Amino acid sequence: MAQDLKIRVILPATMNGVFRDRVREAYKSVARPETVFDIVSIKTGPVTIESHYDEALALLPALEEVKKAEHEGYDGIIIYCGGDPGLEAARELVKIPVVGIGQASIYIAALIGHKMSIISPLENLKPLYDNLLRANGIESSKVASVRALSLSVLELQDVEKTKTAIIEASKRAMEDGADVIVLGCGSMLGMFEEIGQKIGIPVIGPEAAVCVTEGLISLEATHSRRYYEKQL
C-alpha cells in the first residue's frame, strides 16, 4: 500500500466549515488515492480576500498555520487563494513544499496554451492578478485578458450562478484571444471540467495545485534554500 501523502490546505480567510467541505470534496476528486487533506481557515482576519488590505490582514495568521503544518508532520502545503498571499514568506519558514493555487494554475495554463485569460470575481481585483502574472514571469504576450464577473467571493458560493457567469466571461475572453481559461478564485472550484466542455477550450481551476503539490512531494523536491533563506 502506498504511504499517505498529507497535505494541509490553508484558507487565508475565516470562511465557514461548509466551504472547507467543498474544498475537500473537489480536491479528493482529482487527488491520488493515498493523498489526505486537512483543510484549515485562519482564526482571525478577513472573511474573504477582495483587496490588498484583506491580504495584509490575513498574512500573519496564515503564516502561523504554515509553521504548524510542518511541525505536525505534513508533507506539503497549499495556500488556497488565487492571489497566493504570503507564498514567498511561507517558503522561507518551512522546508516542505508550499504551493499557491494562483501560481500552479497560471504555470499549467502557460504549458498547454498560447494565451490565457484569468477570470476574476471583481473588477478591483484585476491589479492583484496583474501582480501575480508579473511576479511569476508570465509575459504579457501570454495573456489575453483578465475578465471580471462582478460577483463578490461570497456570491460565488451560489454554484449555478457562478458557472453561468464564468461561461459568459470565458466566451468574452475567447474573443480576446484566450485559448486557456484560468479560474482565478478558490471559490470557483468543482466546475473546471464542466465549463471546459461547454466552451471547448481547457479550463484550469484551483484543483491544479493538488497535482503540482503531489508531484513535488513524490519527487522529494522543494523550494531552493539558496533563494528562500530559512527564517527563524
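Structure shown above.
None of these values were measured; they are calculated from a predicted model.

### So, the overall build of the chain
Line of reasoning, step 1. Regarding its fold elements, the chain presents eight helices and eight strands.
Line of reasoning, step 2. Radius of gyration (C-alpha) of the chain: 17 Å, near the 17 Å computed for a compact globule of 232 residues.
Line of reasoning, step 3. Referenced to the eigenvectors of the C-alpha coordinate spread, the extents of the chain come out at roughly 45 × 35 × 35 Å.
Line of reasoning, step 4. Split into buried and exposed, the 232 residues of the chain put 54% on the buried side.
Line of reasoning, step 5. Looking at the chain alone, contacts between residues at least 24 apart form 72% of all its contacts between residues at least 6 apart.

### What about the sheet that holds strand S1 (residues 5-11)?
Hydrogen bonds along the backbone pair up the strands of a sheet, which may run parallel or antiparallel.
Line of reasoning, step 1. Across the sheet, four strands lie side by side as S2-S1-S3-S4; this open sheet has parallel pairing. The outermost strands of the open sheet, each flanked by one partner alone, are strand S2 (35-41) and strand S4 (98-100). Adjacent strand axes in the sheet meet at a mean angle of 25 degrees when their direction is disregarded.
Line of reasoning, step 2. Pairing of strand S3 (residues 76-79) with S4, which is carried by three bridges, proceeds in the parallel orientation. The residue of S4 that forms the bridge with Ile77 is Val98.
Line of reasoning, step 3. On the sheet, helix H2 (residues 52-71) packs against S1, S2 and S3 and is oriented at approximately 170 degrees with respect to S1.
Line of reasoning, step 4. With respect to the sheet, helix H4 (residues 101-112) is in contact with S3 and S4, its orientation differing from that of S4 by roughly 70 degrees.

### Digging into the sheet that holds strand S6 (residues 143-148)
Line of reasoning, step 1. Taken together, four strands build an open sheet; the order of strands is S6-S5-S7-S8 and the sheet is parallel. A strand with exactly one partner marks an edge of an open sheet, and here the two such strands are S6 and strand S8 (203-204).
Line of reasoning, step 2. Of the strands in this sheet, strand S5 (116-120) and S6 touch helix H5 (residues 126-135), which is tilted by about 140 degrees from S5.

### A short note on the pairing of S2
Line of reasoning, step 1. Of all seven residues that make up S2, six are buried, and the element is covered over most of its length.
Line of reasoning, step 2. Direction of pairing for S1 relative to S2: parallel, over a ladder of seven bridges. From the neighbouring strand, Lys6 faces S2, where its bridge partner is Val36.

### Thoughts on the nonpolar core
Line of reasoning, step 1. Leu149 and Ile181 are the most contacted members of the largest nonpolar core, which has 37 residues in total.
Line of reasoning, step 2. For this core, the secondary-structure elements that each account for two or more residues are H4, S5, H5, S6, helix H6 (159-176), strand S7 (180-183), helix H7 (192-199) and S8.
Line of reasoning, step 3. It is H6 that provides the largest number of residues to this core, a total of five residues.
Line of reasoning, step 4. Ignoring sequence-local partners within four residues, the contact set of Leu149 consists of Ile119, Ser120, Pro121, Leu156, Ala165, Ile166, Ala169 and Met188.
Line of reasoning, step 5. Judged by nonpolar contacts, the second largest core, of 22 residues, contains Val9, Val23, Tyr27 and Ala31.

### Quick look at unusual backbone geometry
Line of reasoning, step 1. Within the chain, Asp84 stands out as a residue other than glycine whose phi angle is a positive 55 degrees.
Line of reasoning, step 2. Relative to the helices and strands, Asp84 is located in the loop between S3 and helix H3 (87-93).
Line of reasoning, step 3. Backbone geometry at Ser150 places phi at a positive 60 degrees, although glycine is not the residue there.

### Quick look at the side chain of Asp54
Line of reasoning, step 1. Mapped onto the elements, Asp54 comes out in helix H2.
Line of reasoning, step 2. Although buried, Asp54 forms no salt bridge, and the nearest oppositely charged side chain, Arg20, lies 17 Å from it.
Line of reasoning, step 3. Beyond its immediate chain neighbours, meaning those up to four positions away, Asp54 contacts Pro46, Thr48 and Ile49.

### With respect to the packing of aromatic side chains
Line of reasoning, step 1. Tallied over the entire structure, the rule returns four aromatic pairs.
Line of reasoning, step 2. Plain terms: the ring middles of Tyr227 and Tyr228 are 4.6 Å apart, the flat faces sit at 85 degrees to each other, and that makes the pair edge-to-face.
Line of reasoning, step 3. Overall, Tyr227 belongs to the exposed group, its relative accessible area being 57%.
Line of reasoning, step 4. Taking relative accessible area as the criterion, Tyr228 reaches 11% and is therefore assigned buried.
Line of reasoning, step 5. Joined through ring pairs, the aromatic side chains of Phe19, Tyr27, Phe37 and Tyr80 make up one cluster.
Line of reasoning, step 6. Between the NZ or CZ atom of Lys6 and the centre of the ring of Tyr74, over which it lies, the distance is 4.8 Å.

What counts and how
Residues numbered from 1 in each chain as written. Predicted model: local features only at pLDDT ≥ 70, side-chain atom pairs only at ≥ 80, totals over all residues. Heavy atoms only, no water. Helix = DSSP H or I, 4+ residues; strand = E, 2+ residues; numbered from the N terminus. Rg over C-alpha atoms; globule rule 2.2 N^0.38 Å. Buried < 20%, exposed > 50% of the residue type's maximum accessible area, 1.4 Å probe, protein only. Contact = heavy atoms within 4.5 Å. Pairing = 2+ DSSP bridges. Axes fitted to C-alpha atoms, helices over the stretch in contact; angles between N-to-C directions. Core = buried A, V, L, I, M, F, W, Y, C linked by side-chain atoms within 4.5 Å. Lys, Arg positive; Asp, Glu negative; His and termini not counted. Salt bridge = Lys/Arg side-chain N within 4 Å of Asp/Glu carboxyl O. Phe/Tyr/Trp six-rings, centres within 6.5 Å; stacked < 30°, edge-to-face > 60°. Lys NZ or Arg CZ within 6 Å of the ring centre and 35° of its normal.

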